[in-house]
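Listed below are the residues making up each chain.
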Amino acid sequence: MIKKSLTLVAAAGAIAGMVAASAAEAQERAVKIAGFGAKSGVVRVFGINSEAALKAALEQINNGGGVTLGDGTKGKIALEYYDDRCNAEEGISVVRRIASTEAIIAVGPTCSNVAESLFGILQKKVGDSSDSGLQFPIIADVAAKGGLAKISEWAFRNVPSEFEMYKSLFAWVKTQYPDVKTIYGGVEKDFAHSNATFGVIKTQAEASGLQLLGQGEWLLNDTTFSTQVREMKRANPDVVAISAHPFTTCGVLKEMQRQSVKPKLLIGLTSSSSIETLQGCGVQAEGIVIPTSFAPVTPEATKAAELVAKFGGSADLHSAAAYEIAFILKNVIESQKVMGKPDTVAADREKMRAGLAALKETDGLLGKVGRTADREAIKPFLFVHAKDNTWKVLHRPAS
Amino acid sequence: MDFYLGLAQIVGVHTLLGLSAYCVLLTGQVSLAQAGFFAIGAYVAAMLTVLAGWHIVPAIAAASFVAGATACAVSFPALRVKGLMLVVATLAFGEAVRLFFFNFDYQVAKGEVKIGPAGGEGFRQIRFFPENGWSTLDVLIFIWLFVALVMAGLWWMDRSRAGAVLRAVGEDEVAAQSAGINVTAVKVAAMTVGGFIAGLGGGIFAHYTAHIEHAQFGVALATFAIAYPILGGLSSVFGTLIAVVFVQGFLIEGLRFLGDWRNLLFGGLILLAMNVRPRGLIDAATIAAVKRMRTSNKEPGNARTQGAE
């Protein structure tokens, strides 16, 4: 009798175990994606913010029921984030590592120099059998240097067009500050993004009729700017445009305050419209005008900013792009009927690439985001200025 | 698998960089110019494949010669100074090279796009490997063929009179000069060979990263170049290889999962390694021990030999 009871209990236990295991398996079905960017070094804040934004968005998605997979089952999106230290060689290694996992797409990188190398090792044209480049979809959230997605058909970006932003900004400056005639530039010369954007700023400033009096140059790791600011002071410009990241932007602004350089208008780099600038030099940055593709001006953007903060990050134009990407990926996974199984990884990657390439428009935190044929985004933007240690919206070109 | 093959590519190229510094260190000179020669090799090889349409083999050969010739030319004035002065002189040269490429703009139109070095924005689309259908394994074999050739060459040199001369100069210049060795010629030769190897490594580096820019060839790379042979030990060429595997394979890739802690551990572990093995991971004592083991294994009365019989 006892033996029979034990057998029954054991059988029941085994069945319960199997049921529980299959339930857990169904529950644990996850589509794997990877994120990567600089989480160490001078620009580590970009990676930290991007990771926080991705986690915040994925929590929203997963708590809302996850994604519907190709076979109709529900799945979660699982993220693993890697540090590439803003180093091209490490970035390549990280992406090769990600490509050897079951991740169906990678979100990153944060640095344009890494994106240049990474996109270069991808297959240039899809289906070109003579090109042995890596066939793995990557969508960039932060790397902002112009035209990067052109490098490969496996490369996508959800970053704003700085050309359009500064073109619009200088057109607005012309109407709002009719008395300004001259401009002086400052550029963080050894950083791909700031250096490339400075070219855009210069071109657009001159196109709007401003006379360029000169330019000061410094490096990302520089800490003293007295010579550059002295020359700036000597030029006595109406407008000073600083194309640099928050760390050196603050250094220059503090030096400008020390040398009493007070232009009529200060213009900054998109990446400097972040909390780091306010934390580093909120007083000196007072009044600086920056075009950005993020500000908490819509209910969605406000909610995103709160959620990103919950994960230890800060919402700015870069991390907001990462937040948006998570929702873009959810839609593509569902529209392309991604399976999310270990044996469908290669097919799922191709589906993700095809799905992203087919997009004409996506939902952004500030409104609809257009997609171009060369896999770039046309994002809505606005102008913010630093006022009382916060970023306040100064003008919305679309409105 | 692709990841490990890619990692082995990085190890191969960094081994070439380390071996370029190894040659110079053997003569007792500390050169921070290796990153500069590496940059010259990278830009020359990339320009030849991308702009001139050369095959990669003649391109990296030409790049190596240009880097070697530059090293030879630089070594004459640079080697007039010693010790810390030489470190500063070679560092200045490396920075001069980096800044040259920072300002070097030579783009030509290819269809609708312009290609070539674009100053601070770098040199993109160096895609010889993928455009010619080379798989990751093909690239790996290609890289390690050169690594093996260079290592074999240096290993042979170490066992020849040339190696003895290099080490003699490195140990005591005055004594070497007294023995009739032309110290300047030896130092220039070492610097030239080092420049040649760095140029070779740089040429390959440009092609596996697909994009190069001045910032990649800064002081950090120059420091890594001399750190590899110092960490690995100057007693054998294999020390440099072991050090590169330790740094690139373990410290950088192996500890990536540690996130921010990796950077803290990075310096700490190198310090620890240098303290535990002050003469390098493979020092003379290690080589002697390996030789003893091999000798004892070959002796007729040896237990293992008997067992095998």
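This text follows the structure it describes.
Residues numbered from 1 in each chain as written. Chains lettered and ligands numbered in written order. Predicted model: local features only at pLDDT ≥ 70, side-chain atom pairs only at ≥ 80, totals over all residues.

Caption draft 1: Broad picture of the overall build of chain B. If you tally the helices and strands in chain B, you get 14 helices and two strands. Its C-alpha atoms give chain B a radius of gyration of 21 Å, near enough to 19 Å, the size a compact globule of 309 residues would have. Along the first, second and third principal axes, the C-alpha atoms of chain B reach 75 × 50 × 40 Å. Across the 309 residues that make up chain B, the buried fraction comes to 50%. (Helix = DSSP H or I, 4+ residues; strand = E, 2+ residues; numbered from the N terminus. Rg over C-alpha atoms; globule rule 2.2 N^0.38 Å. Buried ≥ 20, exposed ≤ 12 C-beta atoms within 10 Å, placed from the backbone.)

Caption draft 2: Structural view of the overall build of chain A. From N to C terminus, chain A includes twelve helices and 16 strands. Counting only C-alpha atoms, chain A reaches 100 × 50 × 40 Å along its principal axes. In chain A, which comprises 399 residues, the share counted as buried stands at 55%. Of the contacts formed within chain A by residues at least 6 apart in sequence, a portion of 72% connects residues at least 24 apart. (Contact = placed C-beta atoms within 7 Å.)

Caption draft 3: Quick peek at the pairing of strand E10 (residues 265-268) of chain A. Residue and element names in this part refer to chain A. In terms of strand pairing, strand E9 (residues 239-243) meets E10 through four bridges, oriented parallel. By the bridge assignment for E10, isoleucine 242 is matched with glycine 268. The β-α-β motif built from E9, the intervening helix H8 (residues 246-258) and the parallel element E10 has right-handed crossover chirality. (Pairing = 2+ DSSP bridges. Right-handed = clockwise from strand over helix to strand, strands pointing away.)

Caption draft 4: Representation of the sheet that holds strand E3 (residues 74-83) of chain A in the model. If you trace the six strands from one edge of the open sheet to the other, you get E2-E3-E1-E4-E5-E6 (chain A), paired in mixed fashion. Bordering the open sheet on either side are strand E2 (67-68) and strand E6 (155-157) of chain A, each of which pairs with just one other strand.

Caption draft 5: Main features of unusual backbone geometry. Here the residue pair A:Gly108 and A:Pro109 is connected by a cis peptide bond, since its omega of -5° sits within 30 degrees of zero. Along the chain, the position of A:Pro109 falls in the loop between strand E4 (106-107) and helix H4 (112-121). Even without a glycine there, the phi angle at B:Ala210 is positive, about 70°. In this structure, B:Ala210 sits in the loop between helix H9 (183-209) and helix H10 (219-232).

Caption draft 6: Main features of the interface of chain B and chain A. Listed per partner, the contact involves 30 residues of chain B and 29 residues of chain A. Residue assignment for the side of chain B that touches chain A shows that the elements contributing at least two residues are helix H1 (2-26), helix H5 (128-131) and helix H11 (237-254) of chain B. Broken down by element, the residue count for the side of chain B that touches chain A peaks at five residues, all from H1(B).

Caption draft 7: Quick look at the packing of helix H2 (residues 34-50) of chain B against helix H4 (residues 83-103) of chain B. Residue and element names in this part refer to chain B. It is at 8 Å that the axes of H2 and H4 come closest, and there the two elements cross at 30°. Accordingly, the angle class assigned to the pair H2 and H4 is roughly parallel. Packed against H2, whose contacting residues are Ala35, Gly36, Ala39, Ile40 and Tyr43, the element H4 presents Phe93, Gly94, Val97, Arg98 and Phe101 at the interface. Looking at the contact of H2 with H4 residue by residue, the classes come out as seven nonpolar, two polar and one charged. (Axes fitted to C-alpha atoms, helices over the stretch in contact; angles between N-to-C directions. Parallel < 35°, antiparallel > 145°, perpendicular 65-115°, else oblique. Nonpolar A, V, L, I, M, F, W, Y, C, P; charged D, E, K, R; others polar.)

Caption draft 8: Geometry of the pairing of strand E11 (residues 289-292) of chain A. All names here are of chain A. The two faces of E11 match: Val289 and Pro291 on one face and Ile290 and Thr292 on the other face are all buried. Looking at chain direction, E11 and strand E15 (residues 382-387) are connected through four bridges and run antiparallel. Each bridged residue has a counterpart across the sheet, and for threonine 292 the counterpart in E15 is leucine 382.

Caption draft 9: How the structure looks around the packing of helix H3 (residues 88-99) of chain A against H4(A). All names here are of chain A. Between H3 and H4, the shortest axis-to-axis distance is 8 Å and the interhelical angle comes to 45°. The pairing of H3 with H4 is recorded here as oblique in orientation. In this structure, H3 crosses over H4, and the sense of that crossing is right-handed. Of H4, the residues touching H3 (which contributes Ala88, Gly91, Ile92 and Val95) are Asn113, Val114, Ser117, Leu118 and Ile121. (Left-handed = near helix turned anticlockwise from the far one by under 90°.)

Caption draft 10: Looking closely at helix H11 (residues 317-335) of chain A. Residues and elements named next belong to chain A. Taking 1.5 Å as the rise per residue, H11 with 19 residues should run 27 Å; its terminal C-alpha atoms sit 27 Å apart, in good agreement. Taken across its 19 residues, H11 has 15 buried, putting it largely inside the fold. Taken from the residues just after H11, lysine 337 is the one with a positive phi, measuring 55°. (Expected span 1.5 Å × (residues − 1).)

Caption draft 11: Inspection of the sheet that holds strand E12 (residues 361-363) of chain A at higher detail. Residue and element names in this part refer to chain A. Spatial ordering of the open sheet is given by E12-E13-E14, a layout of three strands whose pairing is antiparallel. With one partner strand each, in any of the chains shown, E12 and strand E14 (377-378) form the two edges of the open sheet. Of the strand pairs in this sheet, E12 and strand E13 (residues 368-371) are connected by three bridges, and their pairing is antiparallel. Its bridge partner being in E13, threonine 362 is matched across the sheet by valine 369.

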